[in-house]
Amino acid sequence: MENTFHMLLYRAFHAQRNYLRPFLDEMGLGSGQPKLITYLAKHGPCHQRQLADYFEVDPAAICRMLDSLEKGGFIIRQVDQNNRRAGLVQLTDKGKEVNEAWQSHCRDMEDVLLDHFSPSEREQFAQYLSRAYHNFRRHRQS
């Protein structure tokens, strides 16, 4: 096995995705949709643009994911009374239930991922990943 960082990251990401993918099908979710549900559960109703900005994804892609989530009964869209040109996206009760189930699966995945890591190693690992992300952001902005 190759020990370059890009290959190690790819393999870890691929293993994580393969671990979680079966749960997507069980819950009726598509790729990329759980992150939207998680964000809405944590932050409450928001604009589509907020989701696109937060996840650094094209607004059209967010729109397609939201269309599918709406058809599945996971979200509703409402007119923002403060800005009638912008709609608010909000979780339904079904969306909240699915989020709880998804979070449980994610905690299980994290337990597998971090098995045999000490608490300090877990904290360091999280800090390293965060720093790596911020390095990419700074590089992209320069």
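Keep in mind that what you see is a predicted model, and the values were worked out from it rather than measured. Counting restarts for each chain: residues are numbered from 1 in the order of the written sequence. Where totals are concerned, whole chains, interfaces and linings use all residues; where local detail is concerned, this predicted model gives features only for residues with pLDDT of at least 70, and gives and counts side-chain atom pairs only at 80 or more. The side-chain values count all of the structure's non-hydrogen atoms but skip hydrogen atoms and water molecules.

1. Brief notes about helix α2 (residues 33-43)
- A simple rule labels every residue: compare its accessible area, found with a 1.4 Å probe on the protein chains alone, to the largest value its type can have, and call it buried under 20%, exposed over 50%, or partly exposed in between. Here a helix means four or more residues in a row that DSSP labels H or I, a strand means two or more in a row labelled E, and each is numbered from the N terminus. Of the residues making up α2, those classed as buried are Q33, P34, L36, I37, Y39 and L40.
- Downstream of α2 by a residue or two, G44 has a phi angle that is positive, lying close to 80°.

2. Overview of a negative patch on the surface
- Side chains of D108, E110, D111 and D115 sit close together on the surface and give a patch of like negative charge.
- Its location among the elements puts D111 in helix α5 (residues 93-113).
- Residue class for D111 comes out partly exposed when judged on its relative accessible area of 48%. The residues that make up patches have over 30% relative accessible area and no salt bridge, and they are joined within 9 Å when like-charged or within 5 Å when they are Val, Leu, Ile, Met, Phe, Trp or Tyr. Residue exposure ignores everything except the shown protein chains as possible cover, and the areas themselves are Shrake-Rupley values with a 1.4 Å probe. By salt bridge we mean one thing: a side-chain nitrogen of Lys or Arg within 4 Å of a carboxyl oxygen of Asp or Glu. We count Lys and Arg on the positive side and Asp and Glu on the negative side, and we leave His and both chain ends out. Throughout, a charge is located at the NZ atom of Lys, the CZ atom of Arg, the CG atom of Asp or the CD atom of Glu.

3. Thoughts on the packing of aromatic side chains
- Each Phe, Tyr or Trp ring, with Trp reduced to its six-membered ring, pairs with another whose centre is within 6.5 Å; inter-plane angles below 30 degrees give stacked pairs, above 60 give edge-to-face pairs, and intermediate values give tilted ones. According to the stated counting rule, one finds 5 aromatic pairs in the structure shown.
- An angle of 90° between the planes, with centres 4.9 Å apart, marks the rings of Y54 and F55 as edge-to-face.
- Taking 5.8 Å as the distance between ring centres and 45° as the angle between the ring planes, the aromatic pair formed by F117 and F125 counts as tilted.
- Residue class for F125 comes out partly exposed when judged on its relative accessible area of 30%.
- Cluster of aromatic residues (ring-pair linked, three or more members): Y39, Y54 and F55.
- For K94, the ring lying beneath its charged end belongs to F74, and the centroid distance is 4.7 Å. Only lysine NZ and arginine CZ atoms are considered, and such an atom sits over a ring when it is within 6 Å of the ring centre and within 35 degrees of the ring normal.

4. Considering the side chain of N99
- Note on placement: N99 falls in helix α5.
- The contacts of N99, once residues within four sequence positions are left out, are I37, T38 and A41. Contacts are residue-level and defined by heavy atoms, with any inter-residue pair within 4.5 Å sufficient.

5. Digging into the pattern of salt bridges
- For the structure shown, the criterion picks out 5 salt bridges.
- Of the charged contacts in the structure, one is a salt bridge between E56 and R140, with a shortest N-O distance of 3.1 Å. Residue E56 is located in the loop between α3 (48-55) and α4 (59-71), and its partner R140 is located in helix α6 (residues 119-141); the two are separated by 84 residues in the primary sequence.
- A salt bridge links R77 to E70; the nearest nitrogen and oxygen atoms lie 3.2 Å apart.
- Judged by relative accessible area, which is 34%, E70 ranks as partly exposed.

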